[in-house]
Amino acid sequence: MKTLIRNGLVIPMTGKNDIRKADILIENNKISQIKDSVEGKFDKIIDADGSFILPSFVNAHTHLAMELMRNFKDDRENLQDWLSEIWPIEAKLNDRDIYWASKLGIAELIRNGCTTFADMYYHAWETAKACRESGIRGILGVAIIGDGKVAEKNFKEDATRIKDAADGYENIRIDAAPHAIYTCSDDAYVIAAEWAAENGALLNTHLSETQKEVDDCIRTKGEHPVSYLNRLGIFDRVKTYLAHGVFFDDAELEILRKKDVSIVHNPSSNAKLASGIAPIAKYRTNGMNIALGTDGASSNNNLNMINEMRLASMLSSVSTGKPSALSCYDVIRMATADGAKALGLDTRIGTLEEGKEADLLVMNMKKVNTCPVNDPYSAIVFSSDARNIEYVFSSGEMLLEKGTLTTLDEDEIMKNVTMQWNDILRR
Ligand SMILES: [Zn+2]
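Structural notes, computed from the coordinates. (Residues numbered from 1 in each chain as written. Predicted model: local features only at pLDDT ≥ 70, side-chain atom pairs only at ≥ 80, totals over all residues. Heavy atoms only, no water.)

Thoughts on the pattern of salt bridges
Selection rule: Put simply, a salt bridge is a Lys or Arg side-chain nitrogen that is within 4 Å of an Asp or Glu carboxyl oxygen. Secondary structure counts use DSSP, requiring at least four H or I residues in a row for a helix and at least two E residues in a row for a strand, with both numbered from the N terminus. Burial here depends on accessible area, computed with a 1.4 Å probe over protein chains only, as a share of the maximum for the residue type. Under 20% is buried, over 50% is exposed, and the range in between is partly exposed.
Under the counting rule described, the total for this entry stands at 35 salt bridges. Note that Glu401 and Lys44 form a salt bridge whose closest N and O atoms lie 2.9 Å from each other. Of this pair, Glu401 sits in strand S16 (residues 397–401) while Lys44 sits in strand S4 (residues 44–47), and the two are 357 residues apart along the sequence. A salt bridge links Asp97 to Arg427; the nearest nitrogen and oxygen atoms lie 2.7 Å apart. Of this pair, Asp97 sits in helix H2 (residues 95–111) while Arg427 sits in the segment after helix H16 (410–426), and the two are 330 residues apart along the sequence. A relative accessible area of 0% means that Asp97 is categorised as buried. Among the residues examined, Arg427 registers a relative accessible area of 34% and is labelled partly exposed.

What follows is the structure, encoded as structure tokens:
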């Protein structure tokens with residue numbers, strides 16, 4: 001299969017000045033050529049005149065099936081109060097709930113230009129099935145809340161079920177995902193890191209989301225969260241990415257930088273739950289790799305990476321007093337190349353380069369909200385939205401064509417999600 005995307009403005013995210021008008025040829029799952037003009041015979045030609053072509057977004061932290069709890073009791077005082085509303089619902093969830101909610105989440109991600117997501121949730125085998133059926137790239141965590149026994153059981157049973165559900169679909173990786181230091185024991189973390197190292201996986205966990213979490217860690221363990229995980233040897237055992245990281249001090253940053261740990265910034269969730277504003281511009285200046293995530297739809301309340309970029313930029317400006325502290329180019333890097341790096345996928349995706357996998361989107365800027373385009377990076381972060389995104393490719397497969405999803409039936413998904421949610425409320 002050969003698809004030519006012609007006449008677009010290619011924004012490869014390999015360097016700020018690398019933008020150019022060019023053709024892109026997709027052959028099977030790869031970008032085979034990026035040239036001023038590509039000649040030949042093609043199965044499909046997309047005229048991208050007036051459009052931007054950029055790497056599709058990487059949502060490096062979410063809980064996909066929390067789509068179910070969108071707008072549900074989200075006016076609570078703080079993270080702990082809100083979790084006390086969410087956990088009883090989660091205890092009732094079944095496979096069918098997760099399957100349909102995952103499909104809804106994937107439909108929303110694709111519509112918003114995202115083709116890779118890192119997930120941490122229950123019944124992840126159903127999310128694997130939804131990934132396989134939709135063509136998206138899923139990094140699915142084996143979720144752990146509990147002690148070493150729970151971790152061992154989940155790696156034995158859940159990881160096997162996820163692998164079976166993936167059924168050979170190549171765009172699923174299974175990571176280890178202990179939830180947080182306030183819900184998992186020392187040995188749960190160590191077992192998770194050992195399992196990940198043995199299985200070519202990464203470790204995904206929440207860390208330093210709230211001041212309370214940091215204070216409790218210092219009180220109960222006598223040290224800051226990063227020092228604690230470092231003492232357990234987690235960062236030496238396995239490549240790790242941490243969601244939130246709102247409250248890291250300089251000593252923690254030094255450890256994370258040395259151990260090549262990435263931070264996933266979740267600005268909407270942190271703002272909505274009043275957790276705080278992570279000093280991302282400072283982290284980047286200190287040499288940290290920063291990715292971007294939406295967190296779950298119940299603390300956001302959508303899965304829209306353009307919203308995250310916009311908010312990340314604005315929060316950085318307002319908290320530093322410097323609009324230039326985090327440039328629009330920087331923030332798009334976080335949502336593409338740096339997100340891919342955090343997930344260990346940077347040799348495959350995250351930039352537009354010949355030989356990389358064709359994970360990309362075509363954004364039509366000939367719309368009222370993006371006219372005129374002066375600075376392309378600013379246009380993407382501050383003016384664009386899902387209306388501009390017309391084509392989305394994942395591993396060379398077209399998942400959105402002229403604004404229509406090709407692998408998913410949205411009406412069927414919404415009908416089933418509504419049915420499942422009504423059923424959950426009756427259980
Ligand atoms: Zn989260």
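Once you've had a look at it, read on.
Some points on a nonpolar patch on the surface
Counted only if it meets this: For patch building, the residue pool is restricted to those with more than 30% relative accessible area and no salt bridge; the joining distance is 9 Å between like charges and 5 Å between nonpolar side chains (Val, Leu, Ile, Met, Phe, Trp, Tyr). All accessible-area figures derive from a Shrake-Rupley calculation using a 1.4 Å probe, and residue coverage is judged against the displayed protein chains alone.
A grouping of Trp87, Tyr122, Ile145 and Tyr182 is seen on the molecular surface, where their side chains present a nonpolar patch of about 330 Å² in accessible area. With respect to the element layout, Ile145 can be found in the loop between strand S8 (137–144) and helix H4 (148–166).

Re empty space enclosed by the protein
Condition: Lining residues are defined by having an atom within 4 Å of a point belonging to a cavity or pocket. Those points lie on a 1 Å grid over the protein atoms alone, cavities being sets where a 1.4 Å probe fits but cannot get out and pockets being open sets with protein on both sides within 12 Å along at least five of seven lines. Grid points are joined across faces, edges and corners, and a volume is the space filled by probe spheres set on the points.
Counted by the stated rule, this structure contains three cavities of 30 Å³ or more. By volume, the largest cavity is sized at about 250 Å³. The wall of the largest cavity is formed by 26 residues, among which His63, Met66, Leu83, His179 and His206 lie closest to the centre. Where the lining of the largest cavity is concerned, the elements lending two or more residues are helix H1 (79–90), strand S7 (114–121) and S8. Among the elements that line the lining of the largest cavity, the one with the most residues is H1, at six residues. For the second largest cavity, the calculated volume is near 50 Å³.

Quick notes on the coordination of the zinc ion
Rule in force here: Metal sites are built from N, O and S donor atoms within 2.8 Å, or 3.2 Å for Na, K and Ca, and they leave out water, so they may look incomplete.
For the zinc ion, the full set of protein donor atoms is His61 (NE2), His63 (NE2), His206 (NE2) and Asp295 (OD), and the range of their distances to it is 2.1 to 2.3 Å. Mapped onto the polypeptide sequence, the residues donating to the zinc ion form the spacing pattern H-x1-H-x142-H-x88-D. Highlighted residues: His63 in the loop between strand S6 (57–62) and H1 and Asp295 in the loop between strand S13 (290–292) and helix H12 (305–320), separated in sequence by 232 residues. Given a relative accessible area of 7%, His63 falls into the buried group. A relative accessible area of 5% means that Asp295 is categorised as buried.

A look at the packing of H2 against H16
Our working definition: To obtain each axis, a line is fitted to C-alpha atoms, and for helices this fit is confined to the stretch in contact; angles are then taken between N-to-C directions over 0 to 180 degrees. Angular relationships are summarised with four words: roughly parallel below 35 degrees, roughly antiparallel beyond 145, roughly perpendicular across 65 to 115, and oblique for the angles in between. Crossing handedness is read from the near helix: turned anticlockwise from the far helix by less than a right angle, it gives a left-handed crossing, and turned clockwise, a right-handed one. Residues count as neighbours in contact if any of their non-hydrogen atoms are within 4.5 Å of one another. Under the scheme applied, nonpolar residues are Ala, Val, Leu, Ile, Met, Phe, Trp, Tyr, Cys and Pro; charged residues are Asp, Glu, Lys and Arg; polar residues are all the others, including Gly.
At their nearest, the axes of H2 and H16 sit 9 Å apart, and the two run at 140° to each other. Viewed along their axes, H2 and H16 adopt a mutual orientation that is oblique. Of the two possible hands of crossing, H2 and H16 adopt the one that is left-handed. Here H2 contributes Arg96, Asp97, Trp100, Ala101, Lys103, Leu104, Ala107 and Arg111 to the contact with H16, which in turn contributes Glu410, Glu412, Ile413, Met414, Asn416, Val417, Met419, Gln420 and Ile424. Its residues placed into classes, the contact of H2 with H16 shows nine nonpolar, two polar and six charged.

Any functional reading would require information beyond the geometric quantities listed.
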